[in-house]
Amino acid sequence: MPPRSWTSPPTRREVTLLLFSFIVFFLSYNLETSLRVVGVNPDKLGSLSTLGLGSKDPGLDPDGRRPAAWRDELEKIIAGDWEWKEGEIAAVEHAQDSIFLEEIREAKASTYIYKAGAGRTAPRSATREVVGIGLTKGITVGQQFSRWEDKILETSVVAHVPGYTIFENLYTLNGTFYIVADRPSSVPPLGSIASSTSDRTKPPAAKDWRIISREEAKTIFGKFGGRVFGTSWLSTDPAESQDPYTLFSLYRAHNQLLSPQSATPFTSPSGLRIIGPGSMALDVTPPVRLIFPYVPTFSSPGFLPEDGNPKTHPPLRVKSYNGLHPHMLKAVFPTMGILYAEDWLDFGGMEVPYMLERTIVADSGAAERGRDQWTVGWVPPPKKPGSDELRKRSEQDETPSSSSTELKRADDDDDQTGKPVWAAPFVGFKIPEGWWSPVRQSLLSYLRLPPDSSISSEGKRKGQKQKPILTYVSMQLEPAAAGPRLRTEDHAALLRGLRKLEIEGVLGGVHVVRGNGSVEVWEQRMNAIAQSKIMLGPFGPHLADSIFMPAPLPITSTESTDSSPSQADPKLSAPVLMEFFPPGMFRRDQEYAVRSLGMRYIAWWNGRKFAGNSLPPVMGLSNDRLPKTDTLEILVDTDAVIQSVREEATRLSRAS
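All values derive from a computational prediction rather than experimental measurement.

Participant: Could you give an account of the pattern of salt bridges, with specific residues and numbers?
Facilitator: Under the criterion given, the structure shown has 22 salt bridges. Put simply, glutamate 149 and arginine 147 hold a salt bridge, and the shortest N to O gap is 3.7 Å. Judged by its relative accessible area of 32%, glutamate 149 falls in the partly exposed class. For arginine 525, the salt bridge identified is with aspartate 545, shortest N-O distance 3.2 Å. Here arginine 525 is found in helix H14 (residues 522–531), whereas its partner aspartate 545 is found in the loop between strand E15 (534–538) and helix H15 (557–562), with 20 residues between them in sequence. A relative accessible area of 4% means that arginine 525 is categorised as buried. Of the residues examined, aspartate 545 reaches a relative accessible area of 16% and is grouped as buried.

Participant: Tell me about a nonpolar patch on the surface, and name the residues and values.
Facilitator: On the surface, Phe22, Ile23, Phe25, Phe26 and Leu27 cluster together to form a nonpolar patch covering roughly 540 Å² of accessible area. Tracing the backbone shows phenylalanine 26 in helix H1 (residues 12–29).

Participant: Account for the packing of helix H13 (residues 488–504) against helix H18 (residues 638–655), naming residues and giving values.
Facilitator: H18 packs onto H13 with a crossing angle of 30° between their chain directions and a minimal axis gap of 9 Å. Of the possible angle classes, the one that applies to H13 and H18 is roughly parallel. Every pair of crossing elements has a handedness; the one defined by H13 and H18 is right-handed. Residues Asp490, Ala493, Leu494, Gly497, Leu498, Leu501 and Glu504 of H13 lie in contact with H18, whose contacting residues are Thr638, Val641, Ile642, Val645 and Arg646. Taken together, the residues of the contact of H13 with H18 break down into 7 nonpolar, 2 polar and 3 charged.

Participant: Which residues make up unusual backbone geometry, and what values do they have?
Facilitator: For asparagine 174, which is not glycine, the phi dihedral falls at a positive 55°. Of note, the phi angle at glutamate 351 is positive, near 55°, even though the residue is not glycine. Looking at where glutamate 351 falls in the secondary structure, it is placed in the loop between helix H7 (341–349) and strand E11 (354–362).

What counts and what doesn't
Residues numbered from 1 in each chain as written. Predicted model: local features only at pLDDT ≥ 70, side-chain atom pairs only at ≥ 80, totals over all residues. Heavy atoms only, no water. Salt bridge = Lys/Arg side-chain N within 4 Å of Asp/Glu carboxyl O. Buried < 20%, exposed > 50% of the residue type's maximum accessible area, 1.4 Å probe, protein only. Helix = DSSP H or I, 4+ residues; strand = E, 2+ residues; numbered from the N terminus. Patch = residues over 30% accessible without salt bridge, like charges linked within 9 Å, V, L, I, M, F, W, Y side chains within 5 Å. Areas by Shrake-Rupley, 256 points an atom, 1.4 Å probe, with all protein chains shown as cover. Axes fitted to C-alpha atoms, helices over the stretch in contact; angles between N-to-C directions. Parallel < 35°, antiparallel > 145°, perpendicular 65-115°, else oblique. Left-handed = near helix turned anticlockwise from the far one by under 90°. Contact = heavy atoms within 4.5 Å. Nonpolar A, V, L, I, M, F, W, Y, C, P; charged D, E, K, R; others polar.

Pasting the structure below:
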């Protein structure tokens, strides 16, 4: 074999070794990528770092989270640690697979439900798309840009009661709401829709709300703008005017969209009583967003870290009060987003008009001013507007009179005094039976509890009487100014009496939960309340979650025939709320909420019991949305309360 020089061509053996070495180097240098290509789970790649192989940053899973082996506590707080399957909503074992509306044609009244849980058969209406925002599915970015040219859509009022109005095609520009209507009389007075941002007791100023014609809209809006799809809930109250029933009242108003719009009587300016034509229920979608335009995200100011290091996490800030526990919307409306004042300022700062496709506006100031008009069925006056109608209507909105020609009292005997201000949609709107059931069933699904229907059928199948569960909401461990609480000795005596009833078998269980339900114990608190038939505690908004107790189910004709009279009466199986007041004080917030759902209510003044139609009038506290109480201690006759609990438990056991 002749000698070889450096310039000699490589042999086949040398080429093979060179290619083999290059492939080994390439695969080793990119080990993690190579293993992913061949199908190795990224979760298992975390062990490579312990061997000195692989990188410190494994990247992200397809769902946007780090692989399980790399997740820390912060990752779990932000993104959660639940299972996240492709093509499904996160935390499907906690919440619903999908949210859509279903009209129950077999039922006596129209309603809609949230389908919860995997593996259930979807009805035909399940194919109805739910509005969502995305790049490839739902509403695209391009569709959110609307070029209306000279064809600006008019604003229409679907339903109205003072303080709660359902709009279609409501406009906003630079922080001002615009109602586009060639006939100003076709919408309610602005003073019954909203309030001034500077003084909640007065109607809105021109910078807050305006009624304009389509010709004016062309000049103000231009030829294009943004379009906000879906149903938006809008609470115009500031943080200090929010209360725990914001979600409750807005959902009640939302259900008005699901009711057939029956004929509504009203009184014309001449005194003639007219019945307007009815219409069918609208095509309704679930709420997409909840907007608090005047509630900032945080109530505490932001400060830089004390050490001045920009990489140091700043001090934790306190979120503004909006009446909702942080977990509540995630549990019952997981697809709903929340917008605060900062988000609303972004809308105004763009200097572009936006059209909100459907909006439910809630304003406590307008509801309070129009309290005597809650029972009125509002419809547009039938007369045609004159040429100067717009000017006259604007003057009326600037200086509202005590009596409006557009709204007349339908029932002068129905006194709304003392009712909470959020009760307007309960008084003024006719809602299908069982309207709150979808929200409760959604919460049960989140808490991994069986639905009410399965519990009822299982009890009937076993033929056993179910002992009611009781929840006592205690304020003893809350901060001093958190709200009223029982006297220490009465609290201890009440606990002893309740435990004795549990030992005797009168009660199926006794839960003692904290008043305000911190983030850490919220699930345990709601788990107890959702299963309880009896709930009691000192008065205040900490009892607002009583609306999630199991409401009495309606009795079908078959059940009422086969059952005894005591079992056929849903009132006998209704849960009960007991609220403790100091003598000479009473509020209707919790009472009105639970009784609107068919539950029973008992108020206590020490040893004096009030129930049914014997409730005292509102007294002692101004009927504000938030009670102003400090370290008030309440005296309770525990023997009388325990005896009443025994009687209620016996009634519920017999009706089960």
